[in-house]
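Summary of the model geometry
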Amino acid sequence: METKKIFVINGGQVFGHSGGRFNKTIFDTTRQFFNDKEGFEIRSTDINDDYDPKQEVENYVWADIVIYHTPIWWFQVPNGLKKYIDVVFTEGHQTGIYHSDGRSSQNPTINYGTGGMLHGKKYMVTSSWNAPKEAFTLPGEFFNETSVDDGALFGFHRMNAFTGMKPLPGLHFHDVEKNANIVDDLERYTTHLNNIFINKEHEHLSNSNFQSEATTH
C-alpha cells in the first residue's frame, strides 16, 4: 500500500482572550487519526511554536496532502497564521512552493497564477467560527447567503491554488463560543476524515476540484 504523507498545520493562535484550545483539539485529533492508521506518515507544525522557514518549505514539498486548521478572526485567518504563510511562502520562492506568478514578459496579460511548484498535491482546511451556520445560509442574515469557502476563505483557497495544490472538501465549525458541542464536532470531524481518507466509496473525492463539492457545515 502506498504511504500518504500528511502535513498538518495548527493556525489556532493563542492571543488575547483566545486560548486556541478548539483548534488545538482538532489539530491533535488529526494527528492521532493518522498516527492510528496504517499507510500514513505525518508531520505537523503549530504556528505558536518556533519554526524554521526552510524546514517548513521542505514539509510542503514532502507532503502529499496539507491540512490547515484555523479559527476565523474578523473574517480572516489569525495574524500568526498569516505571518507563517508570508514567511514560509516567501522562503519557498524558487525553492519548492512557487517559481513565479506564471506570466511571461512576452505576454503578461495571461497565465497569472500558474507558477506554482506544488502540482499534484492537495490540501484541506477546517475553520472555526463564533458565527452560527445560519448566518451563512438564511436570507437577510449577515453573510448574504455566501458560504465560508466562497466568502471569507476565497483568498485562502486562491493562495493554495497559486502554489499548484488542489483542494479536498473541508469542514467548518460554527457557534463554537456561545453554543459549542465539542463531542459532536469531534465525531463529525472524525467521520469527515474517514470519508475523505479511508472509505473506499469516497475515493473519488481525491480528484476533487473543490468549489462545487466543499460545503459550509
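One can find the structure itself at the top, above this paragraph.
What this report covers is the structure whose coordinates are included nearby. (Residues numbered from 1 in each chain as written. Predicted model: local features only at pLDDT ≥ 70, side-chain atom pairs only at ≥ 80, totals over all residues. Heavy atoms only, no water.)

**Brief notes about the nonpolar core**
We apply this condition: Only buried Ala, Val, Leu, Ile, Met, Phe, Trp, Tyr and Cys residues count toward a nonpolar core, and they belong to the same one when joined by side-chain atoms within 4.5 Å. For each residue, the accessible area found with a 1.4 Å probe, counting protein chains only, is set against the maximum for its type, and the residue is called buried under 20%, exposed over 50%, and partly exposed in between. Think of it this way: any DSSP run of H or I at least four residues long counts as a helix, any run of E at least two long counts as a strand, and we number them from the N terminus. Contacts are assigned to residue pairs that have any heavy atoms within 4.5 Å of one another.
One finds Ile 9, Tyr 60, Val 66, Tyr 68 and Tyr 84 to be the most contacted residues of the largest nonpolar core, which totals 30 residues. Counting residues per element, the ones that place at least two in this core are β1 (4-10), α2 (53-62), β3 (65-71), α3 (79-91), β4 (122-128), α4 (134-137) and α5 (154-163). The element that contributes the greatest number of residues to this core is α3, accounting for five residues. Not counting residues up to four positions away in its chain, the partners in contact with Tyr 84 are Phe 7, Ile 9, Thr 45, Ile 47, Tyr 51, Glu 56, Tyr 60 and Phe 89.

**Here's the deal with the packing of aromatic side chains**
Just so we agree on the cut-off: Each aromatic pair joins two rings of Phe, Tyr and Trp (for Trp, the six-membered one) with centres within 6.5 Å, and gets the label stacked for planes under 30 degrees apart, edge-to-face for over 60, and tilted for any other angle. Here, over-ring charges are defined by two tests on the NZ atom of lysine or the CZ atom of arginine: distance to the ring centre within 6 Å, and angle to the ring normal within 35 degrees.
Here the structure, examined in full by the defined rule, presents 20 aromatic pairs. Here the aromatic rings of Phe 75 and Phe 143 are separated by 5.9 Å at their centres, their planes lie at 75°, and the arrangement is edge-to-face. Highlighted residues: Phe 75 in the loop between β3 and α3 and Phe 143 in the loop between α4 and α5, separated in sequence by 68 residues. Among the residues examined, Phe 75 registers a relative accessible area of 39% and is labelled partly exposed. One aromatic cluster is present, formed by Trp 74, Phe 75, Trp 129, Phe 136, Phe 142 and Phe 143 through successive ring pairs. Against the face of Phe 33 rests Lys 37, its NZ or CZ located 4.0 Å from the ring centre. Between Arg 43 and the ring centre of Trp 62, over which it is positioned, the NZ or CZ distance is 4.2 Å.

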